[in-house]
Amino acid sequence: MSQQGYVAAPPYSQAQPGMGAYQGGFGSGPTQPLYGHYGGPPQALSAPSAGMMKSSVSPAASVPLPPGPSQYNPNVQQNGSHPQSYPAPPAVSAPYGQPPHSLYNSMASPGPPPTQQLTNQMSSMNLGSHAQGLQSPPPPASSVVQQPFQTPPPSTMAPPQMPPGLQSPHMSPLMSPPQSPPASTAMASQSMAGTSMASMGRPFPGPPPPGLGGFQQPGLGSAGQPGYPPQAGQFGGYMAGAHQNMPGPFTGPPQKKLDPDSIPSITQVIEDDQVKQGGQVFTTNIRGQVPPLVTTDFTVTDQGNASPRFIRCTTYSLPCTADLAKQCQVPLAAIIKPFASLPKNETPLYVVNHGDTGPVRCNRCKAYMCPYMQFIDGGRRYQCGFCNCVNEVPVFYFQHLDHMGRRVDFYERPELSLGSYEFVATLDYCKNNRPPNPPAYIFMIDVSYNNIKSGLVKLICDELKTLLEKLPREEGMETSAIKVGFVTYNKVLHFYNVKSALAQPQMMVVSDTAEMFVPLLDGFLVNYQDSRAVIYNLLDQIPDMFADTAESETVFAPVIQAGVEAFKAAECSGKLFIFHSSMPTAEAPGKLKNRDDKKLVNTDKEKTLFQPQKGVYEQLSKDCVASGCCVDLFLFPSQYTDIATMADVPSHTGGSVYKYSNFQVETDGEHFLRDLRKDVQKSIGFDAIMRVRTSTGFRATDFFGGIYMNNTTDVEMAAVDCDKGMTVEFKHDDTLSEETGALMQCALLYTTISGQRRLRIHNLSLNCSSQLSELYKSCETDSLINFFAKSAYRAILNQPLKNVREILVNQTAHMLACYRKNCASPSAASQLILPDAMKVFPVYMNSLMKTAPLVGSTELSTDDRAHQRLSVMAMGVEDTQLLLYPRLIPLHNIDVNSEKPATPVRCSEERLTDSGIFLLENGQSMFLWLGQASSPDLIQSLFNLPSLAHLQGHMCALPELDNPLSTKIRSIISGLLEKRSNSMKLQIVRQKDKPEMLFRQFLVEDKGLHGGASYMDFLCYVHREIRQLLT
């Protein structure tokens, strides 16, 4: 199978009509396409330009075509012998995201009635049996029999044919091709090989081109050809060239939709990877090796490269030159989760202590000792793998080399043999050259009227009594070293002295919120074990003290300021847990006013809704980071609270924001407490600073995450926990060598929960290649979509949403067109060929474009959109994968005795059944969907009710019933709640009930509720863009 590039006759680099003004349903475009660094100067698409936002693909092969007219030849039309080329779509069409209009009306031929338009467009794409191919009418040929499929070479044999009635999705395993080329995506396993229809979906009206039969499927000749039974048409009627000479658009028997099983499926890809690599050991001793998917269950053995739990890359084979990178547009990035939690069966990181001398580092580039350092000269010197500088080995570190040139103590030293490890840092790495104090947690409770009335304050106080017993502690320690403090506030702040010697806690009030100070030093931050009795006493008193409050105004910035001052005074770092109800409107620094304006949606000013208000909060973020003060915000709003501004400090200090709208203790209490418990107990490092070093030829240029950057290289975080991921983009500054590959080292300096200063090191080595096919083969779709989500969510702060969506689609088309042009075997232009490693990339991309921040809809709450934007910025790969493609699990036919996890189905309404029960979860929300015809037995087993009609609204948990089905389903739900980084509130919805609308917006393969294409439509759209790029 040819992986070498071949040249499309009209060069790919010509300026393309319709790329910039991209009107086919995604909104008419800007005058110039805005590529690349979102926010950089716009560039026209003359040559694929440097800044273009890059995107990703990987190896596949297409059905080979005979030489002749089908090779791209400027004078031969792909769609029959018509001289004119594809007309541009009409100048105005429905902007992306207006559901009432047919989204793709500009694509279909003007003739057919609207109901046929999608079908026509879709039918002009044909899924080739090996290429990930959606393919349009075959190239002009004098008769049907001369189709390219008549003598396929053995490597691309057509799938075994079945009589019309048998072609069902369930037969897929039988239909895989005998020898599909290893890198290609065999479509046959998706059951239906696809359809292509000459007389439909042509962009020009008029009779079909002469000589083209009807449907041509790989291996399905026209009816009557020997060996091929007549194939039942996907659109009703038989597929042979029945409609050949009909004038005008296709009319005929009623049409059915194209079979969705024939397009790439995420659930299938996840399942295949689990079958192939699940339960296996992934050993990290090979450079540039692509790990199993994040969804796969596997074990890692560290043998010289960091585990994929700590670092994942968008591709594991970097292009050797900047020109290649520019050409393919695939972003080169790594997603780093420096504190990722490891499963019980994996070894925790070793801690290396070199005493007062500290870690051994390269003199020139300051990289830390790692497996990529080459010892020479009998072990007396070493050459740095990052900058090639030759360094003397310190006397204490000297060791002889064996016959292979490796140090004799290679296996005894983690820093020589492992990809991830920690060094104990010396005083040089500490503030003011003094060892740090253990960190502190301060709980700051808003005791205004709303929080008291809802019962929230009492709920928090009761929970803290038990939760404080579970503060994180070092391995092997009896108790936690973390100190705790308590503040309550409305428009004034109350500090509490809980010194262990006191019989009763003492309260001190600070009413001057403009000049915030902490009124007591001794007794504010205490060891929980020592002061337990006083703290219990305080937690009992707080709800009663404020029971009769009428104060509804609150302050917010002074609360954070108080935390910063407390940490400064105690000379420690730490975290504030703030429980807050409403927009801070009391007279004080950081007072906010309502600026929610739905009139701005879909205008150039919409970006202001996502921008924080400048001033006080900006300075606060800086102060927090400087004193290692991380802020976690628990919000309980009943109306707009300007999350874009209130969450600004948490999102720059490595904190989290949790939001519980219209909070009620009965229905939301447990959900909130699960979040609080996870948040207080998670493993975490404080006062952190991270730097990513790379070998020569490329460097880290851009960073996304819950971070603060004072300069271009140091990533500062007041705290970093096990769920936070930073995304780092790399750019070339020279040529990379295939021989030496590319190296990166992420070094994180932080304070542990016991107050020790440490360096955590993660190393990773990647391949380099001058062949684009290698890059596409080593891509990782889940990491790519994490990068695109974060770069798009950052871009909406300073560009109109329409431009950002356009850039996303353009880049998707570019990445796939580049693969098609340079890596795939030659085939008809009408085929959509996707690289194997990226075949489901369009599903994720389309889902991303339908997320709340990127959909301009006045029905969505501004706060929800801002909240989702900020949450995603700090996510790792697992979290974005799940968010953009929720798990939809059928429960009605589950085997209660099997240990095997239930297999999810595709996220589409078509997969639901009236008699079914489905669980849907995406890491943020969880739904139990009950079909209207669910069997009474199921309902009885789950709810102890005779039928669905008896079910009351607002249930947020399944009753504990003693039967196998109830036990099984509850254990599935609690397993998911345990596994995800956020708690989820279970919402039980009945089919056809009003709340079902909420559930439907998570069916990401369907049309979006607030605008946005279905997966099928989006694929058509991208296919059209690719063809435009290639012609």
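Computed from a prediction, not measured in an experiment: that's the story for all the values here.

Student: Honestly, the overall build of the protein in this entry has me stumped. Any pointers?
Tutor: Counting its secondary structure elements, the protein contains 22 helices and 31 strands. The buried share of the protein, taken over its 1031 residues, is 60%. Long-range contacts, defined here as pairs at least 24 residues apart, represent 74% of the contacts in the protein between residues at least 6 apart. Only carbon and sulfur atoms are counted for the fraction: they give 52% of the accessible area of the protein, which is about 39000 Å².

Student: It is not clear to me how the environment of Lys614 should be interpreted in this structure. Could you clarify?
Tutor: Of note, Lys614 is situated in the loop between β17 (574-580) and α9 (616-626). Measuring from C-alpha to C-alpha, the distance between Lys614 and Gly590 comes to 9.7 Å, with 24 residues separating the pair along the chain.

Student: Can you walk me through the nonpolar core in this structure?
Tutor: The tendency in soluble globular proteins is for nonpolar side chains to be buried as a group. Ranked by size, the top nonpolar core spans 110 residues in total, and within it Tyr776 and Leu848 carry the most contacts. In terms of residue count, the dominant contributor to this core is helix α15 (residues 801-822) (ten residues). In contact with Leu848, not counting residues within four places along its chain, are Ile785, Phe788, Ala789, Tyr793, Leu808, Leu854 and Leu884. If you look at the next biggest cluster of nonpolar residues, it comprises 45 residues, including Ile442, Phe556, Ile578 and Tyr617.

Student: Help me understand the confidence of the model for the protein in this model?
Tutor: Caution is warranted with low-pLDDT regions, since their predicted coordinates should not be read in detail. Considering every residue of the protein, the mean pLDDT works out to 80; 75% of them sit at 70 or more. In this model residues 1-256 is a low-confidence stretch, pLDDT under 50, and it forms 625 contacts with partners more than four residues away in sequence or in other chains.

Student: Explain the pattern of salt bridges here, please?
Tutor: A side chain with one charge may pair with a side chain of the opposite charge, provided their charged atoms come close. The tally for this structure, following the rule as stated, stands at 46 salt bridges. Here Asp409 ties to Arg407 by a salt bridge, and the two come within 2.9 Å at their closest N and O atoms. Each member of the pair, Asp409 as well as Arg407, carries the same accessibility label: buried. A salt bridge links Lys458 to Asp462; the nearest nitrogen and oxygen atoms lie 3.1 Å apart. Of this pair, Lys458 and Asp462 both sit in helix α6 (residues 456-467), four residues apart, which is roughly one turn of that helix.

Student: It is not clear to me how the packing of helix α8 (residues 557-570) against α9 should be interpreted in this structure. Could you clarify?
Tutor: In helix packing, the relevant descriptors are the interaxial angle and the interaxial distance, both defined with respect to the helix axes. One can describe the packing of α8 onto α9 by two numbers: an axis separation of 10 Å at closest approach and a directional angle of 20°. When the axes of α8 and α9 are compared, the pair comes out roughly parallel. Both α8 and α9 take part in a crossing whose hand is left-handed. Residues Ala557, Ile560, Gln561 and Val564 of α8 pack against Val616, Tyr617, Leu620, Asp623 and Cys624 of α9. Across the contact of α8 with α9, the residue classes tally to seven nonpolar, one polar and one charged.

Student: Just checking my understanding: could you explain the packing of aromatic side chains for this structure?
Tutor: Summed over all chains, the structure comprises 34 aromatic pairs. Positioned above the aromatic ring of Phe375, the side-chain terminus of Arg407 is 4.9 Å from the ring centre. Stacked on the ring of Tyr397, the Lys or Arg Arg407 has its end atom at 4.4 Å from the ring centre.

Student: How should helix α16 (residues 841-849) be read in this particular structure?
Tutor: Think of an α-helix as 3.6 residues a turn; residues three or four steps apart then line up on the same face. Of all nine residues in α16, nine are buried, a share of seventy percent or more. Residues Phe841, Pro842, Val843, Tyr844, Met845, Asn846, Ser847, Leu848 and Met849 constitute the buried set of α16. Buried residues along α16 sit against α2 (266-277), α14 (781-795), α15, α18 (877-884) and α22 (1015-1030).

Student: Got a minute to help me understand unusual backbone geometry in this structure?
Tutor: Across residues other than glycine, the phi torsion is negative in most instances, and most of the peptide bonds are trans. A positive phi angle, close to 60°, is found at Asp377, a residue other than glycine. Mapping Asp377 onto the fold places it in the loop between β8 (374-376) and β9 (381-383). Its identity as a non-glycine residue notwithstanding, Asn944 has a phi of 60°, on the positive side.

Student: I keep staring at the packing of helix α19 (residues 936-943) against helix α20 (residues 964-979) and nothing clicks. Help me out?
Tutor: Close contact between α19 and α20 brings their axes to 8 Å; oriented N to C, the two are set at 65°. Here α20 runs roughly perpendicular to α19, going by the angle between their axes. Here α19 runs over α20; the crossing is right-handed. Contacts between α19 and α20 involve Leu938, Ser941 and Leu942 from the first element and Leu965, Ser966 and Ile969 from the second. A breakdown of the residues in the contact of α19 with α20 according to their chemical character gives four nonpolar, two polar and no charged.

Student: Would you explain a nonpolar patch on the surface in this entry?
Tutor: Taken together, Met507, Val509 and Met545 make up a surface patch of nonpolar side chains, about 250 Å² in accessible area. Here Met545 lies in helix α7 (residues 532-545).

Student: Is there a simple way to explain the side chain of Asp273 in this structure?
Tutor: In this structure, Asp273 sits in helix α2. Buried Asp273, no salt bridge; nearest opposite-charge side chain is Lys276, N-O distance 5.2 Å. Side chain to side chain, Asp273 and Thr296 meet in a polar contact 2.5 Å long. Ignoring any residue separated from it by four or fewer positions in sequence, one finds Asp273 in contact with Gly278, Pro292, Leu293 and Thr296.

Student: I keep staring at the sheet that holds β9 and nothing clicks. Help me out?
Tutor: Where strands meet in a sheet, backbone hydrogen bonds hold them as pairs that are either parallel or antiparallel. Judged by pairing direction, the sheet is antiparallel, and its three strands sit side by side in the order β8-β9-β10 without closing on themselves. If you trace the sheet from one side to the other, it starts and ends with β8 and β10 (390-392), each paired once. Across the sheet, the mean angle from the axis of one strand to that of its neighbour is 30°, orientation sign disregarded.

Calculation rules
Residues numbered from 1 in each chain as written. Predicted model: local features only at pLDDT ≥ 70, side-chain atom pairs only at ≥ 80, totals over all residues. Heavy atoms only, no water. Helix = DSSP H or I, 4+ residues; strand = E, 2+ residues; numbered from the N terminus. Buried < 20%, exposed > 50% of the residue type's maximum accessible area, 1.4 Å probe, protein only. Contact = heavy atoms within 4.5 Å. Areas by Shrake-Rupley, 256 points an atom, 1.4 Å probe, with all protein chains shown as cover. Core = buried A, V, L, I, M, F, W, Y, C linked by side-chain atoms within 4.5 Å. pLDDT = per-residue confidence, 0-100. Salt bridge = Lys/Arg side-chain N within 4 Å of Asp/Glu carboxyl O. Axes fitted to C-alpha atoms, helices over the stretch in contact; angles between N-to-C directions. Parallel < 35°, antiparallel > 145°, perpendicular 65-115°, else oblique. Left-handed = near helix turned anticlockwise from the far one by under 90°. Nonpolar A, V, L, I, M, F, W, Y, C, P; charged D, E, K, R; others polar. Phe/Tyr/Trp six-rings, centres within 6.5 Å; stacked < 30°, edge-to-face > 60°. Lys NZ or Arg CZ within 6 Å of the ring centre and 35° of its normal. Patch = residues over 30% accessible without salt bridge, like charges linked within 9 Å, V, L, I, M, F, W, Y side chains within 5 Å. Lys, Arg positive; Asp, Glu negative; His and termini not counted. Polar contact = N/O pair within 3.5 Å; in protein donor to acceptor, adjacent residues only side chain to side chain. Pairing = 2+ DSSP bridges.

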